[in-house]
Amino acid sequence: MNLYVLPTKELMDRYMVGCNPAEDRFETFDGFVWKCIYKALKGKREIDNNEKTFILYRIMESAGLNYFKVIRWGYVIDVSRVIGELKLQGITMDKICQLPMYSPAWPDLVNIFHQYQNFLSDQGFYDKEDRFIICRGNIRTNKYIEGFDKIIFRDFYYFTSVQREIINLLGDKAGIINTVLNDRAKVKVVKARDIYAECYGLADNIINDISNGFSYGDVAVVTRDDSYKRYVYDSFKTRGIPVGFELQAPILSNPFVKNTIKGINGGDDTIVEWVERLKSSISSAEGLAQNHKHLKNLRRDLEARKTFLSVLDGILFVEERMPDKKLISQEGFKKHITSILKGITYREGMGSGGVRIYSPLDIRGLNFKRVYLVGAYEGSYPRTFIGDWLIKDVDRAQINSLGYTLDTIESLIERENLSWNFLKSTSDEIIASYPILGPGDSPTLPSWFLNQPDIKQTLELREVFPVNPVELKDQNGLKIDGISRTSFSVSELNEYGQCPYRYYLKNVLKLVPERENAFDSITIGSIYHEVLKQFYLKLPDGIEGDHREEYLKEIEKILSEVYDSHTAGFFESEAERRLYKDIMGDKLRDFLNSEIDKNYSRTLVEVEYPIELNLDGITISGRIDRLDKTDRGYLIIDYKKGYVPTIDEAAGGLDIQLPVYIMAIENQFIATSGGMYLSIEQKKREPIILKDMGTFGFSSRKKGLLTGDEWGIFFDEIKDIILGYVDGIRNGEFPLSPKKCPKTDGYGAYCEYDDICKYRGGE
């Protein structure tokens, strides 16, 4: 049996396809190292990067250093990075003293290195770089490798010193294979006005790719500059393209963290007491959810809270072993914790299943139909400088004369050239773009990689990216492509549950019947929704009976503006236009009076609040018309023009909208009291799903009231129904047997396929 060791997980996954696990096994280098050493690490604990930094800070505070007379967190972070870089070369305490270094900071670095390693040894700790050194020390006698005939390191192209030593110690059992890189790509170069235009042009072009039959796995985005991820993320979200990568952001930019630090108060105390007090104030995720003012940002702040708690736990972990009994003032602690958090990031945005971003090195060995290289300007790609003031380039070259492979400007250029070759072998077509104005609106020049004779001349953005891009018809940005479909809107699944044939016509065949420029149910419904959205946005604290006349005047004013913008050209006479407007005005006034008369104690929280629900790998998205906060939990409200569904329809899977909304909200640690429909024209307030914990003025005989046990059973059954719908769509099951037809069931809803529906006799 052979073991193949690969440099990236993506490459490992590619080689595993179609292989026989009885003959070949696959691991990343990190996975290989871990399996070689996990028995040797029994009883030891790995420290993370934050804990490493805190330990080094405490050492540098008390070590009596000559060069680092003043200890700043920036210095500590740089020292941590350099120690990690040295250890990845296999440099241990005995070897660091032998290095030919004359930098004024070097004696302090050696001192810190020794104290740090001694502390780890005394405490039974190790850091992630130690794993490679431990692996080197026991590779000859390791039981794990005895089960393999050959251990083949594939497509690395270069190794660090400690990696090379590990491979050499394997002797004849080891092999190295590098795939021959083929220069197959045709490269087009595009210049954009700025980064914003560049990334939105990228998004529009990807939309065209998908419309022309590409899947999201057929295209890749490559960048050297991590700051581009935010621009790409924002452009994808705006254009409705699924994002296949996470967005990291500085934790100090998060409003929740900033407000938490701002609110720190108290007298002089130790670091431990300050941190424990701070931890206690943010310990409850449920409390954060209940008190959150802007629920659209709740997921973001929950992620920031999780990272913040991890940092605080790391401080306490180190303080237990290296206690500092000094007292620190309130302002002093604020400065201290702010310094610690500088440079720490958290997961601000999440994504899966969409277009991915790769670095030029990580894309090696992969294949795509088209690759987009963004930020291809001088200084960004290739990167031709080493930003290290502790070990300068001349010192790095001196160390490398002893057989090490620290990064130098020369080696960096070689590796960047190699990455360009990786890139050109991944696709037949590469579109490389750069902004005329880069970060900070500074002018840029195209990367030297783009100044080759075989590369097509530079084009303007509009010559490559369409001015009027084709918009995807699926609001999730996904094509219907069989079993690979993992993302749906709640309205799609609702349609499938009611009428699979309608779903087939709309979402599979993509039939879009021509719609006359008419004042129909769709237009009326959209006007109602827009008016109520604008009205409630102006009333974040909810409605009050004392302001009835003021409210009625305001909603009339909003209706006039919305009505005119939505109905231009619909009517042959001004009298007809005014007539319909007056009718809608009467309906809205009656609706608002009913709301005021039956108002319960609540505060409006959000209008048109977007949600995502994940069920067994399926993502369901939607938008809640209104979300109210009450003393019994959050209440989800959805507007209907006329007919409102019942609890029986929800339980039977004919209306999954409110159940999905409730599940999505409760998954964010938010307690809900249920959901209801509000009919604008019929003045109905139907509590379709309501916890039996208070009726908000409704009769206790309403079917929608559920006890605690009934609540759990109801949602378990809804989950099974939804997953059944997904299976039906994936398996191509679209029978002509509607369970709920707006025409035959007589509830007056609109169906755009009425004229061609075979169920009703259409052709």
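Please read all numbers here as calculations on a predicted model, not as lab measurements.

**Digging into the overall build of the protein chain**
Working step 1: Helix and strand content of the protein chain: 26 helices and 21 strands.
Working step 2: Scored against the burial criterion, the 763 residues of the protein chain give a buried share of 52%.
Working step 3: Of the accessible surface of the protein chain, which amounts to about 35,600 Å², a share of 48% is contributed by carbon and sulfur atoms.

**Focus on the nonpolar core**
Working step 1: Counting residues in each nonpolar core, the largest one holds 108 residues, and the members touching the most others are Phe308, Ile337 and Ile689.
Working step 2: Counting residues per element, this core draws most heavily on helix α14 (residues 298-321), at 11 residues.
Working step 3: Ignoring anything within four residues of it in the chain, the contact list for isoleucine 337 reads Ile261, Ile264, Leu278, Phe308, Leu312 and Ile315.
Working step 4: Grouped together as the second largest cluster of nonpolar side chains are 54 residues, Leu6, Val189, Val190 and Leu366 included.

**Notes on the packing of α14 against helix α15 (residues 330-341)**
Angle between the axes and distance between the axes: these two values describe a pair of packed helices.
Working step 1: Orientation of α14 relative to α15, taken along the N-to-C sense of each, is 110 degrees, at an axis distance of 11 Å. By the criterion of interaxial angle, the relationship of α14 to α15 is roughly perpendicular. Seen from above, α14 lies across α15 with right-handed handedness. Between α14, through Phe308, Val311, Leu312 and Ile315, and α15, the contact on the second element is made entirely by Ile337, Ile340 and Leu341.
Working step 2: Taken together, the residues of the contact of α14 with α15 break down into 7 nonpolar, no polar and no charged.

**A closer look at helix α25 (residues 657-666)**
Working step 1: Buried residues dominate α25, accounting for 9 of its 10 residues.
Working step 2: When α25 is considered as a whole, its buried residues turn out to be Gln657, Leu658, Pro659, Val660, Tyr661, Ile662, Met663, Ala664 and Ile665.

**Regarding the pairing of strand β17 (residues 618-630)**
The two faces of the sheet receive side chains in turn, since in a regular strand these alternate between them.
Working step 1: Along β17, 11 of the 13 residues are buried, which leaves the element largely enclosed by surrounding structure.
Working step 2: Sheet topology places β17 next to strand β18 (residues 633-640); 5 bridges connect them, and they run antiparallel. Opposite aspartate 628, over in β18, you have leucine 635 as the bridge partner.
Working step 3: Hairpin connection, β17 to β18: the antiparallel pair is bridged by 2 residues.

Here is what the cut-offs are and how they apply
- Residues numbered from 1 in each chain as written.
- Predicted model: local features only at pLDDT ≥ 70, side-chain atom pairs only at ≥ 80, totals over all residues.
- Heavy atoms only, no water.
- Helix = DSSP H or I, 4+ residues; strand = E, 2+ residues; numbered from the N terminus.
- Buried < 20%, exposed > 50% of the residue type's maximum accessible area, 1.4 Å probe, protein only.
- Areas by Shrake-Rupley, 256 points an atom, 1.4 Å probe, with all protein chains shown as cover.
- Core = buried A, V, L, I, M, F, W, Y, C linked by side-chain atoms within 4.5 Å.
- Contact = heavy atoms within 4.5 Å.
- Axes fitted to C-alpha atoms, helices over the stretch in contact; angles between N-to-C directions.
- Parallel < 35°, antiparallel > 145°, perpendicular 65-115°, else oblique.
- Left-handed = near helix turned anticlockwise from the far one by under 90°.
- Nonpolar A, V, L, I, M, F, W, Y, C, P; charged D, E, K, R; others polar.
- Pairing = 2+ DSSP bridges.

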